[in-house]
Amino acid sequence: MVYNYGEAKKTPRWVLLTAIGVGCLILGGITAGVISVVSALPAVIDTGNELIGPNPLETGTPQSPLAVAPLDCENQCFTDDVVAATIVPQSRLDELGLTKVTEEWGDYDPSNAAWEYPYLKSEWQRLGSETDSCFFTLPPFPLAAELDTAPAEGDFVEFTGTSTSDDEFSYFTQSVRIFPTSAQAVEHMSALNGLIADCTYYAFDPAVEDWRATISPAPALPVPDSVAAVGWREANALGRYYAFDLQYANFVVRTVVSTVDVISEAQYRALVEELAVHIAQLELPQGLT
């Protein structure tokens, strides 16, 4: 089946939030919602050596964070006109049982990483994790900043939607970050790859949020030569959390799935592979590189 990802053209929409303070409102809603969904996952049965619940993780060696044949741009790069073309169709999510749309593209104004960072930092500190090297796991958008290093300005971020299962124990969320140049997008991928390598386990203060997870790099994902892919998995007795960043030219798309024993990693990876093939077909404005 061929899915309609939408045209690379931004459609008119109502602005639901004012620009003043929208950064805190966006992450206050989306990040808090994401964490609350994770902490609300039902307990599974752990009988000694046998875990009855989440699907096992895929195995394999991680890939390079760099595209084999990258599409470079410095002046004529993708802008917000490309956002619609990066959104996974709801019909595709329906196939995974993620039929309940809770956030849509347009529910929040565009933001940027520097604007979101202060809230994220305070939220991480509130959650009480002692493993600051795993700070990158918190943002629901492509961010590879260390806890005490604020990201540079110049990019913009769009939150493009969240869908959940009917019982809200599994969810999918997606965002896109558009950098001024492809070199900065490539730098993000390399930085994220390094951060994933330095994070193996983290936990929140159980008095705040009960989440403890083992982190591992995602195995290599078959993607077109012009696309780079970096991902990680979080394994917990409550379920699984999968995240992948796909980089093409000057933009990076993050797709996240958190689930109990409903959506397997293989199913999630197939969705991300389809998205990678789709974005690799997009052309820079005026066909310039």
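Residues numbered from 1 in each chain as written. Predicted model: local features only at pLDDT ≥ 70, side-chain atom pairs only at ≥ 80, totals over all residues. Heavy atoms only, no water.

Here we look at the overall build of the protein chain
Link 1 in the chain: Looking only at helices and strands, the protein chain features five helices and ten strands.
Link 2 in the chain: A total of 289 residues make up the protein chain; the buried ones form 52% of that total. (Helix = DSSP H or I, 4+ residues; strand = E, 2+ residues; numbered from the N terminus. Buried < 20%, exposed > 50% of the residue type's maximum accessible area, 1.4 Å probe, protein only.)

Some thoughts on the sheet that holds strand S7 (residues 212-217)
Note: strands within a sheet are paired through backbone hydrogen bonds, in either parallel or antiparallel orientation.
Link 1 in the chain: Read from one edge of the open sheet, eight strands run S3-S4-S5-S10-S9-S8-S7-S6, paired in antiparallel fashion. The sheet is open, and its two borders are formed by strand S3 (100-104) and strand S6 (201-203), each paired with just one other strand. The mean inter-strand angle of the sheet, taken between neighbouring strand axes irrespective of direction, is 15°.
Link 2 in the chain: Strand direction decides the pairing type here: strand S9 (residues 239-248) and strand S10 (residues 251-259), joined by nine bridges, are antiparallel. From the neighbouring strand, Tyr241 faces S10, where its bridge partner is Ser258.
Link 3 in the chain: Of the strands in this sheet, strand S5 (171-178), S7, strand S8 (228-236), S9 and S10 touch helix H4 (residues 182-197), which is tilted by about 30° from S8. (Pairing = 2+ DSSP bridges. Axes fitted to C-alpha atoms, helices over the stretch in contact; angles between N-to-C directions. Contact = heavy atoms within 4.5 Å.)

Here we look at the packing of aromatic side chains
Link 1 in the chain: For the structure shown, the criterion picks out 13 aromatic pairs.
Link 2 in the chain: With centroids separated by 5.9 Å and ring planes inclined at 40°, the aromatic side chains of Phe78 and Tyr248 adopt a geometry described as tilted. Residue Phe78 is located in the loop between strand S2 (50-52) and helix H2 (90-94), and its partner Tyr248 is located in strand S9; the two are separated by 170 residues in the primary sequence.
Link 3 in the chain: Relative accessible area serves as the criterion here: at 7%, Phe78 is assigned to the buried category. (Phe/Tyr/Trp six-rings, centres within 6.5 Å; stacked < 30°, edge-to-face > 60°.)

Thoughts on the pattern of salt bridges
Link 1 in the chain: According to the stated counting rule, one finds nine salt bridges in the structure shown.
Link 2 in the chain: Its salt-bridge partner being Asp155, residue Arg177 comes within 3.0 Å of it at the nearest N-O pair. Residue Arg177 is located in strand S5, and its partner Asp155 is located in the loop between helix H3 (113-127) and strand S4 (156-164); the two are separated by 22 residues in the primary sequence. Each member of the pair, Arg177 together with Asp155, is buried.
Link 3 in the chain: Each of Arg92, Glu95 and Glu274 takes part in a single network of salt bridges with overlapping partners. (Salt bridge = Lys/Arg side-chain N within 4 Å of Asp/Glu carboxyl O.)

Details of helix H5 (residues 265-279)
Link 1 in the chain: In this model H5 runs 21 Å from its N-terminal to its C-terminal C-alpha over 15 residues, within 8% of the 21 Å that 1.5 Å per residue would give.
Link 2 in the chain: Close packing links the buried residues of H5 with H2, S5, S8, S9 and S10. (Expected span 1.5 Å × (residues − 1).)

So, the confidence of the model for the protein chain
Link 1 in the chain: Looking at the protein chain as a whole, the pLDDT averages 84, with 80% of positions reaching at least 70.
Link 2 in the chain: Low pLDDT, under 50, characterises residues 7-52; the stretch is placed with 91 contacts to residues that sit more than four places away or in other chains. (pLDDT = per-residue confidence, 0-100.)

Looking at the environment of Gly194
Link 1 in the chain: Mapped onto the elements, Gly194 comes out in helix H4.
Link 2 in the chain: Between the C-alpha atom of Gly194 and that of Ala144, which follows or precedes it by 50 residues, the distance is 9.1 Å.

Re the state of the cysteines
Link 1 in the chain: Across all of its chains, the model carries two disulfides by this definition.
Link 2 in the chain: The disulfide bridge from Cys73 ends at Cys77, spanning 2.2 Å between sulfur atoms. For the disulfide bridge between Cys73 and Cys77, the dihedral angle about the S-S bond is near 115°, and by the sign convention the bridge is right-handed.
Link 3 in the chain: Judged by relative accessible area, which is 5%, Cys73 ranks as buried.
Link 4 in the chain: A relative accessible area of 7% places Cys77 in the buried class. (Disulfide = S-S within 2.5 Å.)

Some details on the environment of Leu275
Link 1 in the chain: Its location among the elements puts Leu275 in helix H5.
Link 2 in the chain: A relative accessible area of 0% places Leu275 in the buried class.
Link 3 in the chain: Along the backbone, Leu275 and Ala85 are 190 residues apart, and their C-alpha atoms lie at a distance of 9.6 Å.

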